[in-house]
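The chain contents come next:
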Amino acid sequence: MSIPHLFRCPISLDIFTDPVTLCTGQTYDRQCIERWLADGHRTCPVTMQALGDATALVPNRTLRHLIDRWLSAAATTDQQHLPDSSSDQDPSLAALKRCLQSDDATATAAKIAALEKVMALASESDVGRACMLQLGFLPVLLPLVFRAPTLAPSDRRRAAVAEEELALQCVLGLMPSNAAAPQLDCLNMLKREAHLASFVRLLERGSGRAKAGLCRLLETVATATATTDLALIVAASPRVWQALLPLLQQHDGPASDTRASEAAVRAIAAVCAAEPARGSAIHHGVVGALFRHLSWWAYGKGGGGAVSSALAAVETLAETEAGRRAVARAPGATRVLVRHVFMMSSSNDGSEHAAAALLSVCRESRAARSEAVGAGVVTQLLLLLQSQCGARAKAKARALLKLLKSR
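Residues numbered from 1 in each chain as written. Predicted model: local features only at pLDDT ≥ 70, side-chain atom pairs only at ≥ 80, totals over all residues. Heavy atoms only, no water.

Draft legend 1. Representation of the overall build of the protein chain in the model. Broken down by element type, the protein chain carries 21 helices and three strands. Here the protein chain, with 407 residues, has 50% of them falling under the buried criterion. Working note: accessible area of the protein chain is about 18,900 Å², and carbon and sulfur atoms make up 52% of it. (Helix = DSSP H or I, 4+ residues; strand = E, 2+ residues; numbered from the N terminus. Buried < 20%, exposed > 50% of the residue type's maximum accessible area, 1.4 Å probe, protein only. Areas by Shrake-Rupley, 256 points an atom, 1.4 Å probe, with all protein chains shown as cover.)

Listed below in structure tokens is the structure:
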């Protein structure tokens, strides 16, 4: 069973949570259309019809009622297909939720079994995922991930760790893709010092898979509408940076460590996209860590899944005076950027970010301009201009060539 097309917001493609209708007759999720209008658009996203001043949003209660009825029926259907359910057990989603909410410290095995069922349902069925989101599973799962460390015997501790990591995978499986989704508000539990400390502990001591998952969660925190304040709290935490930055250097170990490294880069880029977070990121050594990561790909294996994100973060940080000073202090930073201006294995986005970062740095430093020229930036820029790169990358390349010509 799949979610009916009419029950999906045309912007986010997720199931409606608060459907509202524009004057054009098109229905959207409230958070999505409000963000569209707040960005200055005055057209209907589907029809592109001009709205003028007619931007009133009318709740579509009929559609909301139909979705509620459909979810109720769908939940009943999916419950009948939960894995490993037997006739003497209650297989309902409500029963799974009650099990996960239990305070019984000895019920770890039962909770792990319940988490495995949640994971299976979330991965196999869009409908099951939507039902669990609507039934409030996310706020139930998060406390299972972020809790105080146990002082139980070693076998109980191992089971508790397995429960934490499985709960984290369930959280990621249920996480809405829409950054404006109201369900993401539950992530604000990390504002509490004890929960943030648990986040840091898992980031330091968890498995490679858990670390990658936590970085994905951090990326969501940095981009979600409901967690703007939390993102700034995280960015101001020295403990978070101390746990996060070492992950950038885990690029030559097991595959799980490599995935964690790439996820960490994407999380850092998302955090640095918010202007208020940049000062803290620079203060805690993000620029140097990013260049050590980029040096590996520039002079080591030649490519990486998160190189473009790392270069995007460098470009963003180089827009500030403190960021440009940090780039100047980072050993070999200019040469690394020059090498990434045009690499056969790099994406066009990566080339664009490298050229933009160099432009910001070279505008402020004659020494940087001389070093860039000595590193062969002119040849790199000419190769970039002859490639199939985008208009913005070519504009940055031309501006940098003009600046270097006048040096």
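Draft legend 2. Local environment of the environment of Ala-260. Here Ala-260 is to be found in helix 12 (residues 255–272). A residue is classified by how much of its surface remains accessible, and Ala-260, at 0% relative accessible area, is buried. Counting along the chain gives ten residues from Ala-260 to Gln-250, while the straight-line C-alpha distance between them is 7.7 Å. Apart from residues lying up to four places away in sequence, Ala-260 is in contact with Gly-208, Lys-211, Ala-212, Cys-215 and Leu-247. (Contact = heavy atoms within 4.5 Å.)

Draft legend 3. Here's a closer look at the confidence of the model for the protein chain. Chain-level pLDDT for the protein chain is 86 on average; 89% of the residues reach the 70-or-more range. pLDDT under 50 marks residues 83–90. Its contacts with residues more than four places away, or in other chains, come to eight contacts. (pLDDT = per-residue confidence, 0-100.)

Draft legend 4. Examining the packing of aromatic side chains more closely. All told, the structure shown has two aromatic pairs when counted by the stated rule. Aromatic pair Phe-7 and Trp-70: ring centres 5.7 Å apart, planes at 70°, arrangement edge-to-face. Of the two residues, Phe-7 is situated in the segment before strand 1 (19–21) and Trp-70 in helix 2 (residues 61–79); the sequence distance between them amounts to 63 residues. In this structure, Phe-7 and Trp-70 share a single accessibility class: buried. (Phe/Tyr/Trp six-rings, centres within 6.5 Å; stacked < 30°, edge-to-face > 60°.)

Draft legend 5. Looking closely at the packing of helix 9 (residues 208–223) against helix 12. Running from N to C, helix 9 and helix 12 cross one another at 15°; their axes reach a closest spacing of 8 Å. When the axes of helix 9 and helix 12 are compared, the pair comes out roughly parallel. Considering how the two elements wind past one another, helix 9 and helix 12 form a crossing that is left-handed. On the side of helix 9, the interface is formed by Gly-208, Arg-209, Lys-211, Ala-212, Cys-215, Leu-218, Glu-219, Ala-222 and Thr-223, while helix 12 contributes Ser-256, Asp-257, Arg-259, Ala-260, Ala-263, Ala-264, Arg-266, Ala-267, Ala-270 and Val-271. Of the residues that constitute the contact of helix 9 with helix 12, the class distribution is ten nonpolar, three polar and six charged. (Axes fitted to C-alpha atoms, helices over the stretch in contact; angles between N-to-C directions. Parallel < 35°, antiparallel > 145°, perpendicular 65-115°, else oblique. Left-handed = near helix turned anticlockwise from the far one by under 90°. Nonpolar A, V, L, I, M, F, W, Y, C, P; charged D, E, K, R; others polar.)

Draft legend 6. Highlighting the nonpolar core. Residues Phe-146 and Phe-291 are the most contacted members of the largest nonpolar core, which totals 130 residues. For this core, the element with the highest residue contribution is helix 12, accounting for nine residues. Ignoring any residue separated from it by four or fewer positions in sequence, one finds Phe-291 in contact with Val-314, Val-327, Ala-330, Ala-333, Val-336 and Leu-337. (Core = buried A, V, L, I, M, F, W, Y, C linked by side-chain atoms within 4.5 Å.)

Draft legend 7. Molecular detail of empty space enclosed by the protein. Within the structure shown, the criterion is met by one cavity of 30 Å³ or more. Each pocket or cavity is described by its volume, and for the largest cavity that value is around 50 Å³. If you trace the largest cavity, you find it lined by Leu-190, Leu-196, Phe-199, Leu-218, Val-221, Leu-230 and Val-234. Elements supplying a minimum of two residues to the lining of the largest cavity: helix 8 (193–205), helix 9 and helix 10 (228–235). Class assignment for the residues of the lining of the largest cavity results in seven nonpolar, no polar and no charged. (1 Å grid on protein atoms, 1.4 Å probe; cavity = no way out; pocket = protein on both sides within 12 Å on 5 of 7 lines; lining within 4 Å. Points joined across faces, edges and corners; volume = space filled by probe spheres on them.)

Draft legend 8. Structural view of unusual backbone geometry. Despite not being glycine, Leu-13 has its phi angle at roughly 65°, a positive value. Relative to the elements of secondary structure, Leu-13 occurs in the segment before strand 1. Backbone geometry places Met-48, a non-glycine residue, at a positive phi of 60°.

Draft legend 9. Inspection of the sheet that holds strand 2 (residues 27–29) at higher detail. Pairing is antiparallel in the open sheet, where three strands are placed in the order 2-1-3. Strands at the two margins of the open sheet, each flanked by one partner only, are strand 2 and strand 3 (58–59). Set on the sheet, helix 1 (residues 30–38) makes contact with strand 1, strand 2 and strand 3; between it and strand 2 the angle comes to about 95°. (Pairing = 2+ DSSP bridges.)

Draft legend 10. Expanded view of the packing of helix 3 (residues 93–101) against helix 6 (residues 137–145). It is at 10 Å that the axes of helix 3 and helix 6 come closest, and there the two elements cross at 30°. As the angle between them shows, helix 3 and helix 6 are arranged roughly parallel. Where helix 3 crosses over helix 6, the handedness of that crossing is left-handed. Contacts from Leu-93, Leu-96, Lys-97, Leu-100 and Gln-101 of helix 3 reach helix 6 at Phe-137, Val-140, Leu-141 and Leu-144. Class assignment of the residues belonging to the contact of helix 3 with helix 6 gives a composition of seven nonpolar, one polar and one charged.

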